[in-house]
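An overview of the molecular structure
Spelled out, the chains give:
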Amino acid sequence: AAFKTNRRTAPKLSERGEPGAARWLSVELRLVADVGFLGMPNAGKSTLLSSASAARPKVANYPFTTITPNLGVCDLDEESSGLVLCDIPGLIEGASQGTGLGFSFLRHVQRCKVLLHVVDGTSDDPVGDFRVLNKELADYDDLLAKKPQVVVLNKCDVSEVRERQDELVEQLREAAGHSRVMTISAATQDNVRELMGRLKKFVDAERKLVDDGVVELEDAVMTEVDFSIAPLDSDSDDFEVVSDPAYPGQWRLTGAYIEQVAKMTHWEYPEAVERFGRQLAALGIADELTARGAQDGDLVMIDEYDFEFSPGMTNPYIPEELLERDAAYEEKEAAKQATQPRAMLLSNDDDDEEEDVWRPFNQGGYMDMDSDEIVEFKDDGWDLLDEDFDLSPEFQDGDEVWTS
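Residues numbered from 1 in each chain as written. Predicted model: local features only at pLDDT ≥ 70, side-chain atom pairs only at ≥ 80, totals over all residues. Heavy atoms only, no water.

A short note on the environment of leucine 289
By secondary structure assignment, the location of leucine 289 is in helix α9 (residues 285-291). Linking leucine 289 and proline 311, residues 22 residues apart in sequence, is a C-alpha distance of 8.9 Å. Look past the residues within four positions of leucine 289 in its chain and what remains in contact with it is Val241, Trp251, Leu253, Ala294, Val300 and Phe309. (Helix = DSSP H or I, 4+ residues; strand = E, 2+ residues; numbered from the N terminus. Contact = heavy atoms within 4.5 Å.)

Here it is, written out as structure tokens:
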């Protein structure tokens with residue numbers, strides 16, 4: 001209906017719908033939890049999760065027992081909400097570079113409010129392991145290094161660890177730069193409930209600081225896409241003609257408006273293509289191409305569409321099949337004119353019969369079918385070509401004749 005005018009009462013023309021915005025998105029799943037358990041493989045993170053919650057992760061005495069993150073909820077009392085815990089698989093040196101599926105595990109740490117660093121007391125160098133993991137967090141994302149941490153020295157039920165726990169706690173406090181360090185035993189649940197209570201208070205305090213605006217919640221900056229301006233709302237005069245001397249006779253048109261018009265044009269409809277040609281002329285693109293030296297037959301490209309430049313024509317794009325049909329028709333007409341004589345000799349010989357030439361019905365062919373019975377209107381009445389045809393009435397016996 002938008003293309004209907006007084007002259008075009010039934011236009012055979014339409015436009016495609018305006019293409020919507022298209023984006024390639026990389027979606028990444030990250031678990032959201034209040035506390036994320038960090039540590040070297042076999043440090044006792046899954047055992048701590050099973051001791052503090054009803055979760056039952058796989059627990060075994062070998063590294064990388066946990067290969068997928070596990071979630072659990074610790075209910076301290078009926079009045080307060082539960083504490084969501086996330087058991088993150090073990091990290092090793094080089095995790096920030098992808099070693100040991102580091103990329104798959106570290107992404108879940110980004111959505112945890114507080115990090116609980118579980119240090120294996122039976123390790124050869126517990127403090128060294130703590131420093132290595134903190135370095136991997138900083139190398140992977142600067143925001144991870146700034147997240148609040150709580151450090152626990154696990155496996156204090158082992159006699160060798162119990163003998164050194166005071167020394168190790170002091171070294172861990174110095175390495176961490178804070179005093180939030182505890183000793184626990186996840187296997188015997190020693191100090192586990194006290195740890196969960198302190199974590200609950202610490203998480204609530206951190207959340208309150210964020211809600212009050214005292215601490216700004218830092219998160220990764222997400223790329224924003226502006227959908228406020230559609231391509232057809234842009235300036236129609238904002239286009240550029242690009243050519244490369246290495247490819248003579250080829251021209252590239254760029255511009256948000258003209259590219260959108262090309263996408264919305266029905267190239268299979270001649271009227272739509274003709275309208276696109278008028279738009280090129282109205283926008284001054286055809287004149288700009290001519291001024292730049294474009295000649296008839298040059299290749300013009302707009303986005304994924306290309307056509308031959310035809311200055312002065314309202315239809316710059318002609319499909320190949322139509323060009324072939326036009327060429328065949330012109331060749332046939334030229335051959336017909338070449339075979340016809342320039343002058344015809346008139347002959348009075350009545351014996352020569354003229355050859356009958358077929359004519360279409362709408363071009364007077366009906367007059368060739370039965371010329372003897374043709375009746376034409378004239379001013380003086382009817383003229384019948386058949387002289388033997390008698391119009392006098394024939395009377396039968398018993399007919400009543402009227403007379404004046």
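So, the packing of aromatic side chains
In this structure the tally under the stated criterion is four aromatic pairs. Plain terms: the ring middles of tryptophan 267 and tyrosine 305 are 5.5 Å apart, the flat faces sit at 35° to each other, and that makes the pair tilted. One end of the pair, tryptophan 267, is in the loop between α7 (256-264) and α8 (270-282); the other, tyrosine 305, is in strand β10 (residues 305-308), and 38 residues separate them in sequence. Here tryptophan 267 matches tyrosine 305 in class, with each residue buried. An aromatic cluster is built from Trp267, Phe276, Tyr305 and Phe307, whose rings are joined through pairwise contacts. (Phe/Tyr/Trp six-rings, centres within 6.5 Å; stacked < 30°, edge-to-face > 60°. Buried < 20%, exposed > 50% of the residue type's maximum accessible area, 1.4 Å probe, protein only.)

Description of the sheet that holds strand β8 (residues 250-254)
What the four strands build is an open sheet, ordered β7-β8-β9-β10; its pairing is mixed. A strand with exactly one partner marks an edge of an open sheet, and here the two such strands are β7 (240-243) and β10. Averaged over all pairs of adjacent strands, the angle between strand axes in this sheet comes to 25°, irrespective of strand direction. By the bridge criterion, four bridges tie strand β9 (residues 299-302) to β10 in an arrangement that is antiparallel. Bridging across to β10, leucine 299 finds its partner in glutamate 308. (Pairing = 2+ DSSP bridges. Axes fitted to C-alpha atoms, helices over the stretch in contact; angles between N-to-C directions.)

Observations concerning the side chain of histidine 266
Note on placement: histidine 266 falls in the loop between α7 and α8. Of the residues examined, histidine 266 reaches a relative accessible area of 13% and is grouped as buried. In terms of polar contacts, histidine 266 uses its side chain to reach the side chain of glutamate 268, at 3.1 Å. Not counting the four nearest positions on each side in its chain, histidine 266 is found in contact with Ser14, Glu15, Arg16, Ala272 and Val273. (Polar contact = N/O pair within 3.5 Å; in protein donor to acceptor, adjacent residues only side chain to side chain.)

What to know about the pairing of β7
Relative to β8, β7 runs antiparallel, the two being bridged by four bridges. Bridge pairing links glutamate 240 to threonine 254 in β8. Between β7 and the antiparallel strand that follows it, β8, lie six residues; glycine 249 among them carries a positive phi value of about 80°.

Topic: the pattern of salt bridges
With the rule as written, the count across this model stands at ten salt bridges. Residues arginine 278 and glutamate 274 are paired through a salt bridge, measuring 3.6 Å at the closest nitrogen-oxygen approach. Here the residue arginine 278 and the residue glutamate 274 both occupy positions in helix α8, the gap between them amounting to four residues, near one helical turn. A relative accessible area of 37% places arginine 278 in the partly exposed class. (Salt bridge = Lys/Arg side-chain N within 4 Å of Asp/Glu carboxyl O.)

Quick look at helix α1 (residues 45-52)
Across the eight residues that make up α1, a large majority, six, are buried. All buried positions along α1 are accounted for by Lys45, Ser46, Leu48, Leu49, Ser51 and Ala52. In this structure, the buried residues of α1 make contact with β1 (33-38), β2 (70-74), β3 (83-87), β4 (112-120) and α6 (192-211).

Some words on the confidence of the model for the protein chain
For the protein chain, the mean per-residue pLDDT works out to 77, and 71% of the residues sit at or above 70. Considering only residues more than four positions removed or in separate chains, one finds that residues 343-347, a stretch of pLDDT under 50, has one contact. (pLDDT = per-residue confidence, 0-100.)

What to know about the sheet that holds β1
Across the sheet, six strands lie side by side as β2-β3-β1-β4-β5-β6; this open sheet has mixed pairing. Edge positions in the open sheet fall to β2 and β6 (181-183), since each of these has one partner strand only. Strand-to-strand twist across the sheet, computed as the mean angle between neighbouring axes with direction ignored, equals 25°. Pairing of β2 with β3 involves five bridges; the strand directions are antiparallel. By the bridge assignment, glycine 72 is partnered in β3 with leucine 85.

A short note on the packing of α1 against α6
Close contact between α1 and α6 brings their axes to 10 Å; oriented N to C, the two are set at 85°. Here α1 lies roughly perpendicular to α6, going by the angle between them. Counted together, Leu48, Ser51 and Ala52 of α1 and Val192, Leu195 and Met196 of α6 form the full contact between these two elements. For the contact of α1 with α6, the residue count by class is five nonpolar, one polar and no charged. (Parallel < 35°, antiparallel > 145°, perpendicular 65-115°, else oblique. Nonpolar A, V, L, I, M, F, W, Y, C, P; charged D, E, K, R; others polar.)

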